[in-house]
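Observations on the model geometry
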Amino acid sequence: MSLVLSLAISGCQSTQNNSKIIAGAFNASTNIQKKLIDRHAPENIIVTPNIEYMTSPNLHFDLYQPENIKQLSKRPVVVWIHGGGWISGSKEHARGYFKRLAEQGYNVISVEYQFAPTEIYPQQLQQIDNALDFITKNASKYQIDANQIYLAGDSAGANMVSHYAALMANPNFADASSLHPKISIYQLKGLILHCGIYDLESFVNKGSDEIKLLEWGINNLVQAYTGGKKDDAQFLASISPNQHLTANYPPVFISGGNKDFLTESQSVPFIQALKDKNIQVTEVFYPDSKELLVHEYQFMMSKKASQETFVKTIDFLEQTSH
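Below is a short write-up of the structure. (Residues numbered from 1 in each chain as written. Predicted model: local features only at pLDDT ≥ 70, side-chain atom pairs only at ≥ 80, totals over all residues. Heavy atoms only, no water.)

Concerning the layout of surface pockets
Computed from the structure, the largest pocket encloses a volume of approximately 720 Å³. The element contributing the most residues to the lining of the largest pocket is helix α7 (residues 212–226), with six residues. The class makeup of the residues in the lining of the largest pocket is 13 nonpolar, 13 polar and four charged. The space that makes up the second largest pocket amounts to roughly 170 Å³. As for the second largest pocket, its lining consists of Gly 256, Gly 257, Asn 258, Lys 259, Asp 260, Phe 261, Thr 263, Glu 264, Val 268, Phe 285, Tyr 286 and Pro 287. When the residues that make up the lining of the second largest pocket are grouped by side-chain class, the tally is five nonpolar, four polar and three charged. (1 Å grid on protein atoms, 1.4 Å probe; cavity = no way out; pocket = protein on both sides within 12 Å on 5 of 7 lines; lining within 4 Å. Points joined across faces, edges and corners; volume = space filled by probe spheres on them. Helix = DSSP H or I, 4+ residues; strand = E, 2+ residues; numbered from the N terminus. Nonpolar A, V, L, I, M, F, W, Y, C, P; charged D, E, K, R; others polar.)

Okay, here's the thing in structure tokens:
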């Protein structure tokens, strides 16, 4: 066996093993968080779990609706892509939060997708696309207004949502990526982005200079998602949404915690990139808050800032829907 091949196999095994370690830690944390989020969930919500949107692979989404959905006209839908560093997570993680959104009169869909490194980019984006295609084709069955879709995501989910929207809004980017969304940009009313990653090259090289363990984790996450292309700066730029914005990009609601390093390193530069293209931005941050607002703070509804962010999210939905 050649040295190059030996190193390649070793690197692959390392990424697989490291991803399992990180995913285990992530999932342990989110399982605890899920119980905390559930405490604040309303009970009068219609939940239809595990609606199959793909058969090969077999993938599902969960649908959350207000109890009076059948008495309402077709309602907008918030399609949520969960976080977990591209390697972990669950569509049920923030189910309590989704119930709160549904209580405000919205359809909410939480999408299941396959994880890296077993499946790498662009499989996750293609699966999101298939989910949106299914939702559009079956909208009337579920009292969904397919012309009022909001894409939402947290952490790695925010990365994929912002990336997918860039493909929709920028045909040249879609052509270069050989990824052509099945739904129209005119169906997309806005994005809701929490604690996301919008520039992968910066994420790898500038996100955590002083925290070596965090740096190790970041490197492994990007290596897993990209199929070993962590050090290919040109490739990372080619799949970073901040590089491919156009004036057609939908309105953006964006937030992050004051103790999340991604706020300064990712969200703030992304906001500037959006503004440079005259894209409508609603930014919600709490730099002067005495509350400890860590990564994924928006789900921690015992915090004043999280409650305020939820109210502002509903305001954004009301102002951008019709």
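A word on the sheet that holds strand β6 (residues 188–194)
The sheet built from eight strands is open, its strands ordered β1-β2-β4-β3-β5-β6-β7-β8 with mixed pairing. In this open sheet, the two edge strands, each paired with only one partner strand, are β1 (45–55) and β8 (281–284). Averaged over all pairs of adjacent strands, the angle between their axes in this sheet comes to 20 degrees, without regard to strand direction. Taken together, the six bridges between strand β5 (residues 144–154) and β6 define a ladder with parallel strand orientation. Across the sheet, Tyr 150 pairs through a bridge with Gly 190, a residue of β6. (Pairing = 2+ DSSP bridges. Axes fitted to C-alpha atoms, helices over the stretch in contact; angles between N-to-C directions.)

Regarding the environment of Pro 49
Note on placement: Pro 49 falls in strand β1. Look at Pro 49 and you get partly exposed, because its relative accessible area is 47%. Placed 11 residues apart in sequence, Pro 49 and His 60 show a C-alpha to C-alpha distance of 8.2 Å. (Buried < 20%, exposed > 50% of the residue type's maximum accessible area, 1.4 Å probe, protein only.)

Quick notes on the pattern of salt bridges
This structure, assessed with the given rule, holds eight salt bridges. One salt bridge connects Arg 95 with Asp 38, and the closest N-O pair in it is separated by 2.7 Å. Within this pair, whereas Arg 95 is found in helix α2 (residues 95–103), its partner Asp 38 is found in helix α1 (residues 3–38), the two being separated by 57 residues in sequence. A salt bridge links Glu 92 to Lys 91, with the nearest nitrogen and oxygen atoms 2.7 Å apart. Shared partners join several salt bridges into a network, and the residues in it are Asp 62, Lys 91 and Glu 92. (Salt bridge = Lys/Arg side-chain N within 4 Å of Asp/Glu carboxyl O.)

Looking at the nonpolar core
Counting 70 residues, the largest nonpolar core has Trp 86 and Tyr 249 as the members making the most contacts within it. Here this core takes 10 residues from helix α4 (residues 156–169), the largest share from any one element. With near-sequence residues (within four places) excluded, Tyr 249 lies in contact with Ser 162, Ala 165, Ala 166, Ala 169, Leu 191, Phe 270, Leu 274 and Ile 279. (Core = buried A, V, L, I, M, F, W, Y, C linked by side-chain atoms within 4.5 Å. Contact = heavy atoms within 4.5 Å.)

Some words on the packing of aromatic side chains
In this structure the tally under the stated criterion is 17 aromatic pairs. Aromatic side chains Trp 80 and Phe 98 sit 5.4 Å apart centroid to centroid with 50 degrees between the ring planes, which places their arrangement in the tilted category. Here Trp 80 is found in strand β3 (residues 75–81), whereas its partner Phe 98 is found in helix α2, with 18 residues between them in sequence. Assigned by exposure class, Trp 80 and Phe 98 land together as buried. The interplanar angle of 90 degrees and the centroid separation of 5.6 Å between the aromatic rings of Tyr 113 and Phe 115 together place this pair among those described as edge-to-face. Residue Tyr 113 is classed as buried on the basis of its relative accessible area of 3%. By way of ring pairs, the aromatic residues Tyr 64, Trp 80, Tyr 97, Phe 98, Phe 299 and Phe 310 are connected into one cluster. Directly above the ring of Phe 310 sits Arg 100, whose terminal nitrogen or CZ lies 4.8 Å from the centroid. Sitting over the ring of Phe 235, Lys 229 keeps its end group 4.3 Å from the ring centre. (Phe/Tyr/Trp six-rings, centres within 6.5 Å; stacked < 30°, edge-to-face > 60°. Lys NZ or Arg CZ within 6 Å of the ring centre and 35° of its normal.)

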